[in-house]
Amino acid sequence: MSREATAAWFSFTQVFDGHHVEFDRWHALDHMPEQFGIEGVVGARRWTADRGLEAAGSDDDLTATHHAHMYLLADPFRRTLEEMTMLASRLAEAGRWFDARRGLLHAPFHVTGKWVSPDIPVRPVVLPYRPDRGAHIVVLDSDHSATMASALAQVPGVAGCWSFESMSDAELPPGFPAAPAGTGIVVAWLDEDPAEIAELLNHAVTTPVRYARTLRPAHAYQG
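Residues numbered from 1 in each chain as written. Predicted model: local features only at pLDDT ≥ 70, side-chain atom pairs only at ≥ 80, totals over all residues. Heavy atoms only, no water.

**Student:** Where do I start with the overall build of the chain in this structure?
**Tutor:** Each helix and strand counted, the chain has 4 helices and 8 strands in total. Helices (α) and strands (β) of the chain occur, in sequence order from the N terminus, as β-α-β-β-α-β-β-α-β-β-α-β. Oriented by its inertia axes, the alpha-carbon framework of the chain measures out at about 45 × 40 × 35 Å. The burial tally for the chain puts 48% of its 223 residues in the buried class. In the chain, 84% of the contacts between residues at least 6 apart in sequence involve partners at least 24 apart. Entry remark: accessible area of the chain is about 10500 Å², with carbon and sulfur atoms responsible for 51%. (Helix = DSSP H or I, 4+ residues; strand = E, 2+ residues; numbered from the N terminus. Buried < 20%, exposed > 50% of the residue type's maximum accessible area, 1.4 Å probe, protein only. Contact = heavy atoms within 4.5 Å. Areas by Shrake-Rupley, 256 points an atom, 1.4 Å probe, with all protein chains shown as cover.)

Structure (structure tokens):
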């Protein structure tokens, strides 16, 4: 069975005031490490919103995002999603859950395209495993996601991009959350400081979008 990521679970999260340090500790030391005990989870990243890098787009809910999480999934992704749900139930029953937050977009997506920038030597398939200095994430109509990803991959300071498309209810385990049909996501991995290239990235986003923001990597746990 291939370990190449063919799908991703995205979670855009708002953390309630006064609980940010608690959330960072829980996610870094408990929640994310547990996901790697599931065979089909082959990668994960968390990026954090910077107040100096404002969000754009028509979705007012998504502009409240504090953290964007991406878990990369190998086939068979449906079984992996079922195992993630069972794990979440076990952790919640053990009191290892975090309730002081609100899920703004919380759903699985197919991987639909992979690009690297012209001066990046690695293959597109390994792009998510390179260290990054941040990410530019766009939520938009999936009909435009490939064009958007290709354009962002040409911006100086971008290592490359992947595009994603929402899954249908029929593909998911019963009762599993799905994004609205036709939702696309583009993730651009950054090799430069987000503050230095945010304006270039915003200019590259010419299609109307639901959400677009340059985010920084989540800080390593400091104790």
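**Student:** Help me understand the layout of surface pockets in this model?
**Tutor:** Taken as a whole, the largest pocket spans an internal volume of roughly 400 Å³. Lining the largest pocket are 22 residues, with W9, H31, A88, W97 and H106 positioned closest to its centre. Contributions of two or more residues to the lining of the largest pocket are made by β1 (5–15), α1 (20–35), β3 (67–74), α2 (77–93) and β4 (101–116). In terms of residue class, the lining of the largest pocket is made up of 10 nonpolar, 9 polar and 3 charged. Counted as a void, the second largest pocket has a volume near 250 Å³. Together, 15 residues line the second largest pocket, and H20, T48, A49, H66 and H67 are the ones closest to its centre. If you list the elements that add at least two residues to the lining of the second largest pocket, you get α1 and β2 (41–48). When its residues are assigned to classes, the lining of the second largest pocket shows 3 nonpolar, 7 polar and 5 charged. (1 Å grid on protein atoms, 1.4 Å probe; cavity = no way out; pocket = protein on both sides within 12 Å on 5 of 7 lines; lining within 4 Å. Points joined across faces, edges and corners; volume = space filled by probe spheres on them. Nonpolar A, V, L, I, M, F, W, Y, C, P; charged D, E, K, R; others polar.)

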